[in-house]
Structure formats: C-alpha cells, structure tokens
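The residues making up each chain are set out below.
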Amino acid sequence: MVFLDMKKALIFGAGKIGQGFIGDLLHDNGYEITFADVSDKVVEEIDKNNSYNLFLTNHNYEEKIIDNVSALSLIKNQEEIIELVTEVDIITTSVLKANLTGVAPVLAKGLKKRLEKGRNKVIVMACENAILATDTLVNLMIDTRIVTMNELDKIGTYPNTGVDRFVFGGVYNGKEGTAVSDSHELAIERQKLDDLDSEPIKGAKYVDNLEAVLKRKIYLVNCWLAITSYIGYVHGYKMVNDALRDQDIQTIVKKAVHESAAGLEKKFNFSHEEMSDYINEMIIKRYDDYNQTGIEDPIARVARQPIRKLSSDDRIMGPAYIASEYNLPNNYLLYGAAHAFKYDNADDEEAVKMQNYIQKNGIENTIENISGLEIGSDMFNIVLECYNNI
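Residues numbered from 1 in each chain as written. Predicted model: local features only at pLDDT ≥ 70, side-chain atom pairs only at ≥ 80, totals over all residues. Heavy atoms only, no water.

The chain goes by Mannitol-1-phosphate 5-dehydrogenase in an unreviewed UniProt entry, where it is assigned to Tetragenococcus halophilus subsp. halophilus. Per its UniProt entry, the chain bears the Catalytic activity (unreviewed entry) comment "D-mannitol 1-phosphate + NAD(+) = beta-D-fructose 6-phosphate + NADH + H(+)". (UniProt positions renumbered as here; feature names shortened; annotations may be inferred.)

Novice: Please explain the sheet that holds strand β2 (residues 31–37) as it appears in this structure.
Specialist: For sheets, the rule is that strands pair by backbone hydrogen bonds, running either parallel or antiparallel. A sheet is described by the order of its strands in space; here six strands give the open sequence β5-β2-β1-β6-β7-β8, paired in parallel fashion. In this open sheet, the two strands that pair with only one neighbour each are β5 (69–73) and β8 (156–157). Here strand β1 (residues 7–12) runs beside strand β6 (residues 90–93); their pairing, made up of four bridges, is parallel. Looking across to β6, one finds that A9 is bridged to I90. (Pairing = 2+ DSSP bridges. Helix = DSSP H or I, 4+ residues; strand = E, 2+ residues; numbered from the N terminus.)

Novice: I tried to follow helix α9 (residues 247–268) on my own but got confused; where do I start?
Specialist: For an α-helix, 3.6 residues make a turn, and residues three or four places apart therefore share a direction. Its 22 residues place the ends of α9 31 Å apart at the C-alpha level, agreeing with the 32 Å of an ideal helix rising 1.5 Å per residue. All buried positions along α9 are accounted for by I249, Q250, V253, A256, V257, E259, S260, A261, G263, L264, E265 and F268. Those residues of α9 that are buried are in contact with α7 (210–234), α8 (240–245), α10 (272–284), α11 (286–291), α14 (317–325) and α15 (331–340). With a side-chain oxygen lying 3.0 Å from the backbone nitrogen of D248, the N-terminal cap of α9 falls on D246. Of the residues one or two after α9, N269 is the one with positive phi, at around 60°. (Expected span 1.5 Å × (residues − 1). Buried < 20%, exposed > 50% of the residue type's maximum accessible area, 1.4 Å probe, protein only. Contact = heavy atoms within 4.5 Å. Polar contact = N/O pair within 3.5 Å; in protein donor to acceptor, adjacent residues only side chain to side chain.)

Novice: What should I look at first to understand the nonpolar core in this one?
Specialist: Here is a general trend for soluble globular proteins: nonpolar side chains tend to be buried in one another's company. Counting residues in hydrophobic clusters, the biggest one holds 65 residues, and the most contacted among them are L220, W224, Y290 and F341. Setting aside its immediate chain neighbours within four residues, L220 contacts K215, V257, S260, A261, L264, M275, Y278, I279 and I283. (Core = buried A, V, L, I, M, F, W, Y, C linked by side-chain atoms within 4.5 Å.)

Novice: Sorry, what's going on with the UniProt feature "domain: Mannitol dehydrogenase N-terminal" (unreviewed entry) in the chain here?
Specialist: Here, the residues flagged by UniProt with the feature "domain: Mannitol dehydrogenase N-terminal" (unreviewed entry) are residues 8–169. When the span residues 8–169 is considered, its composition is 41% helix and 30% strand, and the gap between its end C-alpha atoms is 27 Å.

Novice: Looking at this model, I keep getting lost on helix α16 (residues 349–371). Mind explaining?
Specialist: Here α16 is 23 residues long, yet its end C-alpha atoms lie only 18 Å apart, well below the 33 Å a rise of 1.5 Å per residue gives. Most pronounced at G362, the bend in α16 amounts to some 120°. Contact partners of the buried residues in α16: α13 (306–309), α14, α15 and α17 (378–389). Between the side-chain oxygen at the start of α16 and the backbone nitrogen of E350 there is a gap of 3.0 Å, and the oxygen is on D348. Just downstream of α16, G372 is the residue with a positive phi angle, here 80°. (Bend = angle between axes of the 7 residues up to and from the residue.)

Novice: How should the packing of aromatic side chains be read in this particular structure?
Specialist: Remark: the centre distance and the inter-plane angle together describe each pair of aromatic rings, the angle taken between the planes. If you walk through the whole model with that rule in mind, you get eight aromatic pairs. Where Y230 meets Y343, the ring centres are 5.6 Å apart and the plane angle is 70°; that geometry is what we call edge-to-face. Here Y230, found in helix α7, pairs with Y343, found in the loop between α15 and α16; they are 113 residues apart in sequence, far enough to count as distant. A residue is classified by how much of its surface remains accessible, and Y343, at 1% relative accessible area, is buried. Grouped by ring-pair contacts, the aromatic residues F55, Y61 and Y172 constitute a single cluster. Taking the ring centre of F268 as reference, the NZ or CZ of K267 above it sits at 6.0 Å. A cation over a ring is seen here: K342 above Y387, with NZ or CZ 4.1 Å from the ring centre. (Phe/Tyr/Trp six-rings, centres within 6.5 Å; stacked < 30°, edge-to-face > 60°. Lys NZ or Arg CZ within 6 Å of the ring centre and 35° of its normal.)

Novice: What is the right way to look at the domain arrangement of the chain in this model?
Specialist: Segmentation of the chain into domains returns domain 1 (7–208) and domain 2 (211–389). Centre-to-centre, using C-alpha coordinates, domain 1 lies 30 Å away from domain 2. At the interface, 22 residues of domain 1 touch 21 residues of domain 2. Taken over both partners, the interface formed by domain 1 and domain 2 buries close to 1700 Å², and the fraction arising from carbon and sulfur atoms is 59%. Broken down residue by residue, the surface that domain 1 buries against domain 2 is led by F166, F168 and S183, which jointly contribute 33%. Here domain 1 is connected to domain 2 by one salt bridge. On the surface where domain 1 and domain 2 come into contact, there are three residue pairs in polar contact (both at pLDDT 80 or more). Every element with two or more residues in the side of domain 1 that touches domain 2 is listed here: β9 (161–172), β10 (175–189) and β11 (205–207). With eight residues, β9 is the single largest residue contributor to the side of domain 1 that touches domain 2. (Domains from an automatic or database assignment. Buried area = accessible area lost by both parts, 1.4 Å probe. Salt bridge = Lys/Arg side-chain N within 4 Å of Asp/Glu carboxyl O.)

Here's what the structure looks like:
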C-alpha cells in the first residue's frame, strides 16, 4: 500500500516503544510508517491490515488505530530497507541500545546510497532508553567502514533523544496488544538540527541541554520505580503494582525522589516549579496507570541488572552523589541503595553475580566496588548501616 501524499518514516524496531510511542507520535504527525524488525510474526501482523491498535490506559482502554503502516524484515528484506532509507523523511530506532549493532550496517549502506542519489538530508534519531544513543549509532556506522563521518554529515542530522512513556503488553478488551499512558516525553537535541527553529515531530520537546533532561528522567522516574522494586522485593512482593500500593514503601520512595529532585534543581538550574510539575505529570499521574485493571509489571523486570543500577551514575547512586555534591540530604536514596544490595533473584544474572561477590568478599567491598563509595565515608556508612538493619 502506497500513500504518495504523506511524509514517510522508517522505524527500526516494532516493539512496545516502536509501536506504542514513536509510531504513535509519527502517525499523529501525518507520517506513513514502515517498521523494520527481526520478528517475522511482528512483520506479518503489521502487514496483514497495514495497521495496529493501541489501548489507552487513561481512557478505559479505548482503542486507537495506527494506520498507514507496513513492515519489512530486517533479516530478509535488507535491500528494500536500504532503498527505503534513500526515500524517507525521518529515520528512528527503538531496538534497545545493545541491538544498534544490527541496525548500523544496513543504515550505513542506505545513507551511503542516499548520498550517491543526491537526496536531501534526513533526520536520524536513536530513540532508546539510553544516554546519547544516537551518538552511539553514528559511531557504530563509522565502525562498519561503509560510510565516513564526512559522508554522514552531508546526508543527515543526528540528534540525541530522551524517551519516556509507559507501555505495557497484555490482553485488553479481549485482544492482545500494547497499552500506553497519556504521559510521555520525547526530548530532541535542538542544536543537532539543521534548522534550530524546526519541529520535525510535533509533540516532541526540543531542548538545549539534553543531559539535564535525560538525568531528570532517569534520576526521578527510573529512581522511583527502582527503589520501589528493591524495597518491594525485600517485602516479598512480586509485582511493582503491589509495592506501589504499599503506603509505607511509597512514603520512603517519595522522600527519595524529592532528595533527587533537590539535587537536580541545583545542578541543572531547574526551577522548583518545573520540577514539581514534572513529578506530578510523569510520576504521580502514573500511579493511576499501575492501578488500571490489566496492568501487571513484575518486579523482576524493573529490578533486573542491579549492578548496573547501583553504579555511580545510574538511577539511585547518581542522584545520591549529586545531593552530596551540594550538601543536600540523601538518606532515603541511600536506604534504597541498601535494599538493592539485598536483591538476590536467582534468575537474574547480575543479581547472582552480586550475591556471589558479597559471599566471597563481604558487603563492604561489594558496596565500594559497585557503587564507588569509599569505605568509611559518610555515604558508605549509611548504606552499610541500612543494609545490616534490613
């Protein structure tokens, strides 16, 4: 099916974020969308009706039809995808940062061909839940030796992004599909665009300091869910939903989030009003999403990879360090970190590795090794005391 009068978009990755956020946003912007995905099942399902349905969690799971879409196999249809890269107006990825290595060679070939055809510049954005993922994608394309940085600059612009929307897979109104929340934010690096006043995607936010926006999301939203999950796990909960309904847990978590927010205000000059509005829109309202019938989010998903999540620049220790930098309280953040060190899920590779390290080297060396806290420092002592009292 061809829609000659529409703008065209190519989205690598037709998963929950690809369909439920980026596809939804581009559809609302009037784009004809082609997905490139490794799953034959996903490709076939999209192509069957040239559409798919989303379910709106904040509107009693009302169905929203995303039409004017098609799909290609990233494995079987690479030549078609390469040709499509020469034609579209915008290219995005939603494949997880670790999978960008599979996208880079195909995209590099397509952009090289686009340059040879003398086409106009295209916007390329990696919309991943990771910091500076578009820069990573550009570097991976250069590493293929298919295309040079000079050639990439001639044929495209490559803004980094920040992605934030709750998407849930499940069965809604008797149909299997993706449920999405109203609250969302796609932040795009303004200075990487050719026209600094342009808005290629309406509904996105164009920002001058993407680091501040990314860390606000990670150090507030991800922090909130991570600490909820680790304390919830220690209390025996299996689902994030249940830990969110536990008022004793949430009293602690909210205090941790506000510790994080206070540090972010100081470091990035957010106003207190801005931060309050963000917490209300992106966190408080999301309690409603988790209370919706049909939404089930396992703690094992949110708490996975505790070593990464306890590192010095991630969602718990990152804001704790910022608070310390400005002599602000961080006790509740450190209390959350202590619970993360208790995460002993036998099905989680990093959790097993961490618990084995504790058994072999002791909790003191583990805290220092994973979080970077110096043994005997004030922050270290708080984490250790909390850990021993859990």
